[in-house]
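# Fold and geometry: a report
Here's the letter readout for the chains.
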Amino acid sequence: MGVDLGLNRTVRFPEVTIRSAGKTAAACAAAWMLLVLFLLGVVTLFRLSGVPATTTGSDSAGADATALVAECAEQGPVSLKGAGFYWECTAEVQASPERQARRIEFGPDELTPADRERPIFVKYANGDWQRNIAHPYVFLRVVGPIAVGGLAFLVYAIGIRSIAGWFVPSFTRKKPAHPTVVSRELPLDLAFPVPDGGDPKGVFAAFTFLTVLGTGLLVMAGTMIVAVFRLMPDNWTAYVVALPFGLLGGSVLVAIPSARRRMKVAQGASVIPARLTVRGFQQTARDGSPKQLHWSKIKKFVFEERPGDLVEVHLSVVNDDVVVDLAEPFRARSRHGYLLSPYVPLHEAEHLSKVVENFKPGLTRWPTREITRGGLGLIGPVKSTVVRLRRKAGATVQVDTRVSSSRPSVFRVLLMLTTCALVIWSLSIGASGGTSVNLFVISALMVVYLAVSLYRGRRGTFVVRRNSLIWRETGKNEILVDLASVDGIVVKPVTSGNGRWYYSLHVKPREGDEYQLVDKVGRAAAKRVLRAAGRAVVPQG
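Residues numbered from 1 in each chain as written. Predicted model: local features only at pLDDT ≥ 70, side-chain atom pairs only at ≥ 80, totals over all residues. Heavy atoms only, no water.

Moving on to the overall build of the chain. Regarding its fold elements, the chain presents 13 helices and 26 strands. Here the chain, with 541 residues, has 38% of them falling under the buried criterion. Put simply, 63% of the contacts in the chain that link residues at least 6 apart link residues at least 24 apart. Carbon and sulfur atoms provide 60% of the accessible area of the chain, an area that totals close to 30300 Å². (Helix = DSSP H or I, 4+ residues; strand = E, 2+ residues; numbered from the N terminus. Buried < 20%, exposed > 50% of the residue type's maximum accessible area, 1.4 Å probe, protein only. Contact = heavy atoms within 4.5 Å. Areas by Shrake-Rupley, 256 points an atom, 1.4 Å probe, with all protein chains shown as cover.)

A few words on the pairing of strand β13 (residues 280-284). One ladder, built from four bridges, connects strand β12 (residues 271-277) with β13; its direction is antiparallel. Residue pairing for β13: threonine 277 is matched across the bridge by glycine 280. From the end of β12 to the start of β13, which pair antiparallel, there are two residues. In terms of strand pairing, β13 meets strand β14 (residues 290-294) through five bridges, oriented antiparallel. When the bridges of β14 are listed, glutamine 283 appears paired with lysine 291. A loop of five residues connects β13 with β14, the two strands running antiparallel in sequence, and glycine 288 in this loop sits at a positive phi of about 95°. (Pairing = 2+ DSSP bridges.)

Side chains of nonpolar character tend, in soluble globular proteins, to be buried together. Ranked by internal contacts, the top residues of the largest apolar core, which has 32 residues, are Leu276, Phe281, Phe301, Leu315, Phe330 and Leu352. Where this core is concerned, the elements lending two or more residues are β11 (188-193), β12, β15 (298-306), β16 (310-317), β18 (337-345) and α8 (346-359). Apart from residues no more than four positions distant in its own chain, leucine 276 is found in contact with Leu186, Pro187, Leu188, Leu190, Phe281, Trp295, Phe301, Leu352 and Val356. In terms of nonpolar packing, the next biggest core, distinct from the first, is built from 23 residues, Tyr455, Val481, Tyr502 and Val518 among them. (Core = buried A, V, L, I, M, F, W, Y, C linked by side-chain atoms within 4.5 Å.)

Applying the stated criterion to the full structure yields seven aromatic pairs. A cation sits over an aromatic face here: arginine 333 above tyrosine 338, 5.2 Å from the ring centre. One Lys or Arg, lysine 520, reaches over the ring of tyrosine 502 and ends 4.6 Å from the middle of that ring. (Phe/Tyr/Trp six-rings, centres within 6.5 Å; stacked < 30°, edge-to-face > 60°. Lys NZ or Arg CZ within 6 Å of the ring centre and 35° of its normal.)

Below, the discussion takes up the sheet that holds strand β20 (residues 401-404). The strand order β20-β21-β22-β23 describes an open sheet built from four strands, whose pairing is antiparallel. Unpaired on one side and paired on the other, β20 and β23 (479-482) mark the two borders of the sheet. Within the sheet, the average angular offset between the axes of one strand and its neighbour, ignoring direction, is 15°. Where strand β22 (residues 468-473) meets β23, four bridges bridge the pair, whose relative direction is antiparallel. Directly across from serine 468, in β23, lies its bridge partner aspartate 482. Contacting β20, β21 (460-464) and β22, helix α13 (residues 523-533) crosses the sheet at an angle of about 165° to β20. (Axes fitted to C-alpha atoms, helices over the stretch in contact; angles between N-to-C directions.)

Okay, the sheet that holds β12 next. Here four strands make up an open sheet; going across it, the order is β11-β12-β13-β14 and the pairing antiparallel. Two strands lie at the open edges of the sheet, namely β11 and β14, each paired on one side alone. Taking each pair of neighbouring strands and ignoring which way they run, the sheet shows an average axis angle of 25°. In the packing of α8 onto the sheet, contacts are made with β11 and β12, and the angle to β11 comes to roughly 140°.

On to α8. The terminal C-alpha atoms of α8 lie 20 Å apart, and with 14 residues this matches the ideal 20 Å at 1.5 Å per residue to within 8%. Every buried residue of α8 is accounted for by Leu346, Ala349, Leu352, Ser353, Val355 and Val356. (Expected span 1.5 Å × (residues − 1).)

Taken together, the side chains of Arg407, Arg523, Lys527 and Arg531 define a basic patch exposed on the protein surface. Relative to the elements of secondary structure, lysine 527 occurs in helix α13. (Patch = residues over 30% accessible without salt bridge, like charges linked within 9 Å, V, L, I, M, F, W, Y side chains within 5 Å. Salt bridge = Lys/Arg side-chain N within 4 Å of Asp/Glu carboxyl O. Lys, Arg positive; Asp, Glu negative; His and termini not counted. Charge placed at Lys NZ, Arg CZ, Asp CG, Glu CD.)

What follows covers the pattern of salt bridges. One pass over the structure, following the stated rule, counts 15 salt bridges. Between arginine 458 and aspartate 519 there is a salt bridge, and its shortest N-O distance comes to 2.9 Å. One end of the pair, arginine 458, is in the loop between α12 (437-452) and β21; the other, aspartate 519, is in strand β26 (residues 515-522), and 61 residues separate them in sequence. For arginine 458, a relative accessible area of 32% gives the class partly exposed. The closest approach of N and O atoms between glutamate 514 and lysine 492, which form a salt bridge, is 3.0 Å. Taken as a pair, glutamate 514 in the loop between β25 (500-509) and β26 and lysine 492 in strand β24 (residues 486-497) lie far apart in primary sequence, 22 residues in all. The class for lysine 492 is partly exposed, based on a relative accessible area of 25%.

The linkage connecting leucine 186 with the following residue, proline 187, adopts the cis geometry, with an omega of 5°. Checked against the element boundaries, proline 187 lands in the loop between β10 (180-183) and β11. One non-glycine residue, aspartate 109, adopts positive backbone phi at about 65°. For aspartate 109, the location among the structural elements is in the loop between β7 (102-105) and β8 (120-125). A residue is classified by how much of its surface remains accessible, and aspartate 109, at 5% relative accessible area, is buried.

Further remarks concern a nonpolar patch on the surface. Side chains of Trp32, Leu35, Leu39 and Val168 sit close together on the surface and give an oily, nonpolar patch of about 350 Å² of accessible area. Assessed through its relative accessible area of 43%, tryptophan 32 is described here as partly exposed.

Time to look at the environment of glycine 534. Within the secondary structure layout, glycine 534 lies in the segment after α13. Relative accessible area serves as the criterion here: at 60%, glycine 534 is assigned to the exposed category. With 70 residues separating them in the primary sequence, glycine 534 and valine 464 have C-alpha atoms 9.9 Å apart.

On to the side chain of arginine 131. Tracing the backbone through its elements, the reader meets arginine 131 in strand β9 (residues 128-131). Engagement of the side chain of arginine 131 in a polar contact is seen with the side chain of aspartate 115, the distance being 2.4 Å. Filtering out sequence-adjacent residues up to four positions away, arginine 131 remains in contact with Thr54, Thr55, Thr56, Gly57, Ser58, Glu110, Leu111, Thr112, Asp115, Ile120, Phe121 and Val122. (Polar contact = N/O pair within 3.5 Å; in protein donor to acceptor, adjacent residues only side chain to side chain.)

So, on to the confidence of the model for the chain. Atom-level detail of predicted coordinates should not be read off regions where pLDDT is low. For the chain, the mean per-residue pLDDT works out to 74, and 73% of the residues sit at or above 70. In the predicted structure, residues 175-180 sits below a pLDDT of 50 and forms seven contacts with residues beyond four places in sequence or in another chain. Note on residues 393-399: pLDDT under 50 across the span, and eleven contacts to partners over four residues away in sequence or across chains. (pLDDT = per-residue confidence, 0-100.)

Have a look at this one:
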């Protein structure tokens, strides 16, 4: 809620709604639940690290003694050793006929009531007595602490105060002593992190760490599920403790794009000072010379929201000739004109937008929020579809169809997803002691195929409009084709390489000779461009 006091100043008062309180309570409950499940999962992980490959039979070769089960007790579903049902048995262990038997308590699931009335060959290993068969899950004793250490690093990177706020919302809640006053007046000083800065080695190292950590957590979850399935298929409580490892692993992988943007800022991206004044957009070039872009040459400030409360800020200008009035770091071409910064905090971007709107109404645009308003509360992909259909229904609205030249085919997307599933599954099976040579070989071959068949054509974007086709190659000037003045778009196959099929796009004008628009694009992109342009494929050869 806000009260307009004039003089371009707005006083904002804090608002507390039932809906926000409900979301906070739900987030807090979910955080505590995941923490309990994670701790329970770690304890279960250590218990599973000591269980044998099977609970039937034993091997006499290399055995140190024999054991006769005296009594057994079933533990679970939740205990100090984790989740799930398991057996703890006490047995009489005799190393040799001349030595007296000793009563020893064995670890979880080493012995079961089914072992009564028959001797079980045992050995002394890892500081305890065990059934004399393979124990393939010992590696979990090393993986567990590594996972805990990795999560501790993430807690440190995110911030202890932020993490504590998830569990105790009042920990980070601040009580404003006075209403917050936001000025919308010019001048406004800016500091944009630009794309050419940062420590690439540090960002790559952190990116690698997050990738390995997320994949490792998924492998741990798969290993736990396989171990429980082989020992006790009906032990559903043990499956539950694998949930937080899977959720954390998936969350880490999903959060990598957002983390990558934040790490670029944290690793020291170049910050270029700038200023908005009544005269326009002022900057300082690298050589110290002043630059100024007048308001009359600016069409739009475009703000695109990205994960992690970060925003891309683009500048659309009246024509490309005014680029001389921009400092070099601000001349990176983008789909909205020029990219001022790829990662500006959301609150700073919103403040910039309000200042611009206050001085020049209608000069800002938030494309992501336009989709939200038109989506009728549906999920993201459905929102985009609804907005696109509504725009196509309007006769006065021009619809743009954007096609990336590296657009993958449906087959390739399915193959990539299948490969990821096979790799994780084969690693889980192999880590749990199972034989997965064939599955691993198939996964490795698919990974090699995907690696050598990466897209190596021209990188850019096709923009198909009602009467025109635009080809925007990265780092080069765009090429405009007037569809009303051409007879068709011709697609010709290019010599394939590395398991990929490429095509060249040619334009056949009504007057003049045929010319090549782009020499090498992906097959899926070429088909999509033809479909969007409404032109039939002209067979060649």
